[in-house]
Every structure is written in structure tokens, then in C-alpha cells.
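Letter by letter, the chains look like this.
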Amino acid sequence: MAANKKLLILPGDGIGPEVMREVRRVIDWMSRRRAISFDMEEGLVGGAAIEAEGSPCPDVTVEKAKAADAVLFGSVGGPRWDSLPFDQRPELGILRLRKDLGLFANLRPALVLDALVDASSLKADIVRGVDIMVVRESTGGVYFGEPRGVETLPDGKRRGFDTDVYHEDEIARVARVAFDLARKRRNKVTSVEKANVMQSGRLWRAVVGEIQKAEYPDVELENMYADNCAMQLCSRPKQFDVILGNNLFGDVLSDLAAALTGSLGMLPSATLGAVDPVTGKRHALYEPIHGSAPDIAGKGIANPLAQILSFAMLLRWSFALDEDATLLETAVAKVLSGGLRTADIMQPGMARVGTSVMGEAVVRELDKMAA
Ligand code: IPM
Ligand code: MG
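The shown structure was predicted, so the numbers you read here are calculated from the model rather than taken from an experiment.

*Asks:* What's the story with the overall build of the chain in this structure? I'm lost.
*Replies:* The helix and strand inventory of the chain stands at twelve helices and 14 strands. For the chain, whose C-alpha radius of gyration is 20 Å, the value lies close to the compact-globule estimate of 21 Å for 371 residues. Dimensions along the principal axes, computed over C-alpha positions, put the chain at roughly 65 × 50 × 50 Å. Expressed as a percentage of the 371 residues in the chain, the buried residues total 52%. Sequence separation of at least 24 residues holds for 74% of the intrachain contacts in the chain that already meet a minimum separation of 6. Of the roughly 16,100 Å² of accessible surface on the chain, 52% is carried by carbon and sulfur atoms. Charge-centre separation for the chain: the mean point of 45 positive side chains lies 3 Å from the mean point of 51 negative side chains.

Right, dumping it as C-alpha cells:
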């Protein structure tokens, strides 16, 4: 039996807990059939943590996350907490984890599965075969820059402001993640910014270019304005391999890339820290990109596949269990080509199922494949 791996599970709010239950089935299967065992702990984050501990990200959650080899995160937020003051919102749960664990590289794959080509709102010919990896910087920029606030001016009018700021080292380290990834894919990075209007964007473009020239001359680099990238994603998405962007552009463009695939309910993500030169380990958090979907929470209809695929990313990135990750991804693809669909990806002629039937189907497929 392989050495135990420390996993922190943070289900959070909304559909988080229900989709996480389906991952538990997969984890059970992995330990039964593949002899991969995990030391699992649960923790509180988001609205759930506000209710229990009075904070969206209690210190004990951060400590547990730091002690874990990997964090599997559900989702946070919901209307119940919408009226809380800005600095107490559930969303701060994920933002604090990113910041305190130094999780600066957010990897968001947007892969169009053959079985779901018709679920996209774009024409099948445009999205068939799309395979994009968005690399989003996730501990800097306008999300954390100071000063920020809303002030009242002497005339009684209010003024809101944020700061988009990047140190060149922050740009360089996330650029390296993008270039390394490109080498394992189709060897192209499209770096997005607004170098035409933003000073931090000008620096972004310069630094990414320097890194490419000095360290990755074999990788193709294309610079693109973020607005143009949004347009190109909708018109010719197949031109993209790796898209590299700052925290804000990466946030927006990863939602857009995700929408191409037909369902936010399908997409996982990984957020990685730096590799510790001594232990060789890195902090890492895995989460679906769909969010807490409060409108369907508790109804048993949420799609668990993004959470399950986040676990596959965890196997691959935190534990180098590539074979098991691929097995799980293949099981998901097979369940879909077999015709099962949750409501979010429902298509004519397919069988509509709820959260737990979808989870069970993935485990059944794993059983078949491992038989
Ligand atoms: C995301 C989300 C978060 C973000 C929110 C929930 C703070 O939109 O992970 O993309 O903006 O980073
Ligand atoms: Mg977002």
C-alpha cells in the first residue's frame, strides 16, 4: 500500500457538499481497487464557516490546508450572505487560501469532450476539438492591490478605487508555469493583457517576452490584448493552446473559455504554489470552477463531474498518479458517451439523471475498466 496522502476536504456552500459526496465514492473506490489511501480531514470555509466560526476562512482551516498535501475545495457563497460587509463575504474564504498558501498559478482547462460538442452554445464545427489551458495569476493584481476602498469626498460624493499592481517576479513565476505547460501540450502560449492602456500590462508583456527569450525559445509566444482574446475565443477558439493572464483577465477569460465547452458544471481547476526546493512539495488546491450555484443547491440535480475531475487533477498534479487520473477522466468521458446527462448538459435523446446517479455511474465505469 502506498504511503498515505494528506487530503483536506472543504465542501463549502451551495452545491459544494452534494458534489463532494460523489468524490467520496471515487476516493473509496481508489482506496479499494487501486490501493491509494488518503488521510482525509474536513474543514470549514465560506458561508458554512461564517455560521460555525464567524469567519469565512478561520485560522484553523488555513493551518489544516498548510499541513495537507492537497486541498479539495467545493464552492463558497450564496444569497444568504450577500448583505454581509465586504470584508466578511464567503468569497474571502478562497481568496485567503490562495494568498496564505501562495497559490499563484491557477490552471483552468477548457476541454470540449466529443460527447458534449452539441451542448455548447457555439456551432459544433467551431468548438469540436477545443483544448485550452488558461493559466491565471491568482495571488496578485487588482484582487489584492492596495490602496483599495470606497471613500466619501468633501462634496459628499463617493469614489471607489482599486489598484492593479504586479511585481516582475510575480509575472515571471506564473509565466514559467504557462511555458512549462505549453511544452507538454502544443507548445504555444498566448499572453493577454491591456498593454495599450495599463502600465502593469506593459510590464506584463515585457517580462513574459524576456522569460520566453531567455528560457523558452522553443515555445511560441503570442501577445494579445485581453478584449481581442475574448472575441477570438468566441470566433476561433482552436487557435489557442495555453492562455496566460493576470488575476482579473484570467478570471473573466476562464469563464468564457469554460462556456465554450457547454457547461461550467464540467470544468475542474488546480491552483498551485511554488515547489519547495528542499521537500520538492508544493501547496495545491483543486476546485470546480462552477461556484456554489445556490439556485439548485439541495435539489440533488447538480453536476458532480467538475468536482470529480478536480480530484483527477489532484491525483495528477499533487501525487503524480497520472495513470489513475487518466482512468478517472476516461470513466467520466465514457459515462457521457453512454448518454447520461445532468440537467446542465441535458440534450435531446439523452437520459437525465441527478447528482448521485451520475456519481454512481462514474464508479461503475471505473469498475468495468479495472475489471
Ligand atoms: C473564481 C471566482 C472567484 C474569483 C470568486 C468567488 C472570488 O470567480 O474562482 O473564478 O473571482 O477568483
Ligand atoms: Mg471567476
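*Asks:* Is there a simple way to think about the domain arrangement of the chain in this case?
*Replies:* Many authors give the size of an interface as the accessible area that is lost as the parts come together. The domain architecture assigned to the chain consists of domain 1 (1–104 + 273–371) and domain 2 (110–272). Just the C-alpha atoms count here: the centres of domain 1 and domain 2 sit 23 Å apart. Of all residues in domain 1, the largest losses of buried area upon contact with domain 2 belong to F104, I289 and W317, amounting jointly to 29% of the total for that side. In this assembly, domain 1 and domain 2 are joined by ten residue pairs in polar contact (both at pLDDT 80 or more).

*Asks:* Explanation requested: the site of ligand 1 in the structure shown.
*Replies:* Ligand 1 sits among E91, R98, R108, R136, Y143 and D251. Separating an oxygen atom of ligand 1 from a side-chain N or O atom of R98 is a distance of 2.8 Å. Alone, ligand 1 offers 320 Å² of accessible surface; in the complex the protein occludes 71% of this. A majority-of-atoms criterion places ligand 1 in the largest pocket.

*Asks:* What exactly am I supposed to notice about the packing of helix α1 (residues 16–33) against helix α12 (residues 355–370) here?
*Replies:* Two quantities define a packed helix pair, namely the angle between the axes and the distance from one axis to the other. Running from N to C, α1 and α12 cross one another at 15°; their axes reach a closest spacing of 9 Å. The orientation of α1 with respect to α12, classified from their angle, is roughly parallel. Helix-helix and strand crossings are classified by hand; for α1 and α12 the assignment is right-handed. From α1, E18, V19, E22, R25, V26, W29 and R33 reach across to α12, where they touch T355, S356, G359, E360, V362, V363, L366, D367 and A370. Taken together, the residues of the contact of α1 with α12 break down into seven nonpolar, three polar and six charged.

*Asks:* What's the story with the pattern of salt bridges in this structure? I'm lost.
*Replies:* Side chains bearing opposite charge may pair, as long as their charged atoms lie close to each other. Enumeration over the complete set of coordinates arrives at 27 salt bridges. Two residues, D218 and R183, come together in a salt bridge whose shortest N-O distance is 2.8 Å. Here the residue D218 occupies a position in the loop between α7 (199–215) and β9 (220–225), and R183 occupies one in helix α6 (residues 168–184), the gap between them amounting to 35 residues. With a relative accessible area of 39%, R183 lands in the partly exposed category. The structure contains a network of salt bridges with shared partners spanning D131, R185, R186 and D241.

*Asks:* Before we go on, may I ask you to explain the nonpolar core in this structure?
*Replies:* Considering soluble globular proteins, one finds that nonpolar side chains tend to be buried as a cluster. L107, V135, F311, L328 and V362 are the most contacted members of the largest nonpolar core, which totals 71 residues. Two domains share this core, each providing at least three of its residues, namely domain 1 (1–104 + 273–371) and domain 2 (110–272). Dropping the residues within four chain positions of it, F311 is found in contact with L7, V23, V26, I27, M30, F38, L72 and L328. By size, the runner-up hydrophobic cluster in this structure holds 19 residues, among which are V117, A124, C229 and L253.

*Asks:* Teacher, can you tell me more about the pairing of β9 here?
*Replies:* A regular strand carries its side chains on alternate faces of the sheet. Where strand β8 (residues 188–193) and β9 come together, six bridges link them in parallel fashion. For V192, the partnering residue across the bridge sits in β9 and is M224. Of the crossover connections in this fold, the one passing from β8 over α7 to the parallel β9 is right-handed.

*Asks:* I would appreciate a short explanation of the packing of aromatic side chains in the present structure.
*Replies:* The description of two aromatic rings rests on the distance between their centres and on the angle between their planes. Per the stated rule, a full pass over the model turns up four aromatic pairs. Ring plane angle 25° and centroid distance 4.9 Å describe the contact between F179 and Y216, whose orientation is recorded as stacked. Of this pair, F179 sits in helix α6 while Y216 is found in the loop between α7 and β9, placing the two residues 37 residues apart along the sequence. Among the aromatic residues, those joined into a ring-pair cluster are F38, F311 and F319. Here the basic side chain of K5 rests over the ring of F319, its NZ or CZ set 5.8 Å away from the ring centre.

*Asks:* Quick question: what am I supposed to make of the sheet that holds β9 here?
*Replies:* Taken in spatial order, the ten strands line up as β2-β1-β3-β12-β11-β4-β5-β10-β8-β9 in an open sheet, and their pairing is mixed. One side of each edge strand has no neighbouring strand; the edge strands of this open sheet are β2 (38–42) and β9. Strand-to-strand twist of the sheet, defined as the mean angle between neighbouring strand axes without regard to direction, takes the value 20°. Across three bridges, the pairing between strand β4 (residues 105–111) and strand β11 (residues 268–272) is antiparallel. If you follow N106 over to β11, its bridge partner there is T271. Running at roughly 145° to strand β1 (residues 5–12), helix α3 (residues 59–67) makes contact with β1, β2 and β3 (70–75) of the sheet. Here helix α9 (residues 247–260) sits on the sheet in contact with β4, β5 (131–137), β8 and β10 (242–245), set at roughly 160° to β5.

The rules behind these values
Chains are numbered independently. Their residues run from 1 in the order of the written sequence. Think of it this way: whatever chain is written first is A, whatever ligand is written first is 1, and the rest follow in order. Selection of residues for local features in this predicted model requires a pLDDT of at least 70, selection of side-chain atom pairs for listing and counting requires 80 or more, and totals for whole chains, interfaces and linings are taken over all residues. Values reported for side chains reflect all heavy atoms of the structure, with hydrogen atoms and water molecules removed beforehand. What counts as a helix is a DSSP run of H or I of at least four residues, what counts as a strand is a run of E of at least two, and both are numbered from the N terminus. When we talk radius of gyration, it's over C-alpha atoms, and the globule rule is simply 2.2 Å times the number of residues to the 0.38. Relative accessible area decides the class of each residue, using a 1.4 Å probe on protein chains only: under 20% of the type maximum gives buried, over 50% gives exposed, and in between gives partly exposed. Here, two residues are considered to be in contact whenever any of their heavy atoms come within 4.5 Å of each other. What sets the accessible areas is the Shrake-Rupley method with a 1.4 Å probe; for residues, cover comes only from the shown protein chains. Only four residue types enter the tally: Lys and Arg on the positive side, Asp and Glu on the negative side, with His and both chain ends excluded. For this purpose, a charge sits on NZ of Lys, CZ of Arg, CG of Asp or CD of Glu. Where each domain starts and ends follows an automatic or database-derived domain assignment. We define buried area as the total accessible area lost by two parts upon association, computed with a 1.4 Å probe and summed across both. Counting of polar contacts relies on pairs of N or O atoms within 3.5 Å, with two restrictions inside protein: one atom must be capable of donating a hydrogen and the other of accepting it, and residues adjacent in sequence are counted only when both atoms are side-chain atoms. For this purpose, a residue is taken to be near a molecule or strand whenever a single non-hydrogen atom of the residue falls within 4 Å of it. Whether a set of points on the 1 Å grid over the protein atoms alone is a cavity depends on a 1.4 Å probe fitting there but being unable to get out, while an open set qualifies as a pocket with protein on both sides within 12 Å along at least five of seven lines; lining residues are those with an atom within 4 Å of a point. Throughout, a molecule is located in a cavity or pocket provided that more than half of its atoms lie within 2 Å of its grid points. Inter-axis angles, ranging from 0 to 180 degrees, are taken between N-to-C directions of lines fitted to C-alpha atoms, where helices are fitted over the stretch in contact. Roughly parallel here means an angle under 35 degrees, roughly antiparallel means over 145, roughly perpendicular means 65 to 115, and every remaining angle is called oblique. Left-handed describes a crossing whose near helix is turned anticlockwise from the far helix through less than a right angle; right-handed describes the clockwise counterpart. Only Asp, Glu, Lys and Arg are considered charged, only Ala, Val, Leu, Ile, Met, Phe, Trp, Tyr, Cys and Pro nonpolar, and every remaining residue, Gly among them, polar. One speaks of a salt bridge when a side-chain nitrogen belonging to Lys or Arg is within 4 Å of a carboxyl oxygen belonging to Asp or Glu. What makes a nonpolar core is a set of buried Ala, Val, Leu, Ile, Met, Phe, Trp, Tyr and Cys residues whose side-chain atoms join them at distances within 4.5 Å. A pair of strands counts as paired when DSSP detects no fewer than two bridges linking them. The definition of a right-handed crossover adopted here requires that, viewed with the strands pointing away, the path from the first strand over the helix to the second runs clockwise. Working definition: a ring pair exists when centres of Phe, Tyr or Trp rings (six-membered ring for Trp) sit within 6.5 Å. Plane angles under 30 degrees give stacked, over 60 give edge-to-face, the rest tilted. Any Lys NZ or Arg CZ that is within 6 Å of a ring centre and within 35 degrees of that ring's normal is treated as a charge sitting over the ring.

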